[in-house]
Amino acid sequence: MPNIKELTDIEIDITNPPMYKVILHNDDYTPMDLVINILTSIFHKSVDEANSIMWQVHEKGKAVCGVYVHEIAQTKVQQVKATAKQNGYPLLATLEKE
Ligand code: TYC
């Protein structure tokens, strides 16, 4: 029979995993269309949402494009990095703990 302390720890792990923001950064080279494609394909945004996030990054320097558990957030950052590299652009995404 688990004691109360064990039950509390398990509950915290399942219900409140730490969450991470994936932040997209502006640069002067990555084409707007590629950023929109990344936001629709990797972050599952609608074309309207992707357009709005892309303009926010372009005008303000950065924007949050999603909030995920660590493993998923890290995978998305790597997918952005790989896509940018494949296309020869310096697009940058980073993680920030919520
Ligand atoms: N500033 C880029 C341009 O003018 C567009 C851009 C938007 C680049 C968002 C990166 O995360 C980014 N082509």
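None of these values were measured; they are calculated from a predicted model. (Residues numbered from 1 in each chain as written. Predicted model: local features only at pLDDT ≥ 70, side-chain atom pairs only at ≥ 80, totals over all residues. Heavy atoms only, no water.)

## Describing the site of the ligand
This is how the line gets drawn: Distances are taken per atom, and a residue is near a molecule or strand as soon as one of its heavy atoms is within 4 Å of it. Distance and chemistry together define a polar contact, namely a pair of N or O atoms within 3.5 Å, with one atom able to donate a hydrogen and the other to accept it when in protein, and with adjacent residues in sequence counting only for side-chain atoms on both sides. Surface accessibility in these figures is a Shrake-Rupley result with a 1.4 Å probe; residues are shielded only by whichever protein chains are displayed. Helical segments are the DSSP runs of H or I of at least four residues, strand segments are the runs of E of at least two, and each set is numbered from the N terminus.
Close to the ligand lie Leu24, His25, Asn26, Asp27, Thr30, Met32, Val35, Met54, Val57, His58 and Leu91, which account for all nearby residues. Here a nitrogen atom of the ligand and a side-chain polar atom of Asn26 are 2.8 Å apart. With respect to the ligand, the side chain of His58 contributes an N or O atom lying 2.9 Å from a nitrogen atom. Here the ligand loses 89% of its free accessible area of 340 Å² to cover by the protein chains. Looking at the shell around the ligand, the elements that each hand over two or more residues are strand 1 (19-25), helix 2 (32-41) and helix 3 (47-60).

## Focus on the sheet that holds strand 1
Filter applied, for reference: The pairing criterion for strands is at least two bridges between them, as found by DSSP. Simply put, an axis is a line fit to the C-alpha atoms, just over the touching stretch for a helix, and the angle between two N-to-C directions goes from 0 to 180 degrees. Whether two residues are in contact is decided by their heavy atoms: any pair within 4.5 Å suffices.
Spatially, the three strands line up as an open sheet ordered 2-1-3, and their pairing is antiparallel. Strands with a single pairing partner mark the edges of an open sheet, and in this sheet they are strand 2 (62-69) and strand 3 (92-97). For this sheet the average axis-to-axis angle between neighbouring strands, irrespective of direction, equals 30°. Sheet contacts for helix 3: strand 1 and strand 2; angle to strand 2, the most-contacted strand, approximately 125°.

## Points about the nonpolar core
For the record, the criterion: Nonpolar cores are built from buried Ala, Val, Leu, Ile, Met, Phe, Trp, Tyr and Cys residues. Side-chain atoms within 4.5 Å join them into one set. For every residue, the accessible area obtained with a 1.4 Å probe (protein chains only) is divided by the maximum for its type, and the residue is called buried under 20%, exposed over 50%, and partly exposed between those limits.
Ranked by internal contacts, the top residues of the largest apolar core, which has 23 residues, are Val22, Leu24, Leu39, Phe43 and Val80. Counting residues per element, the ones that place at least two in this core are strand 1, helix 2, helix 3, strand 2 and helix 4 (70-87). Of all the elements, helix 2 adds the most residues to this core, at five residues. Setting aside anything within four residues of it in sequence, one finds Leu24 in contact with Val35, Leu39, Val57, Gly61, Lys62, Ala63, Cys65, Val80, Leu91, Leu92 and Ala93.

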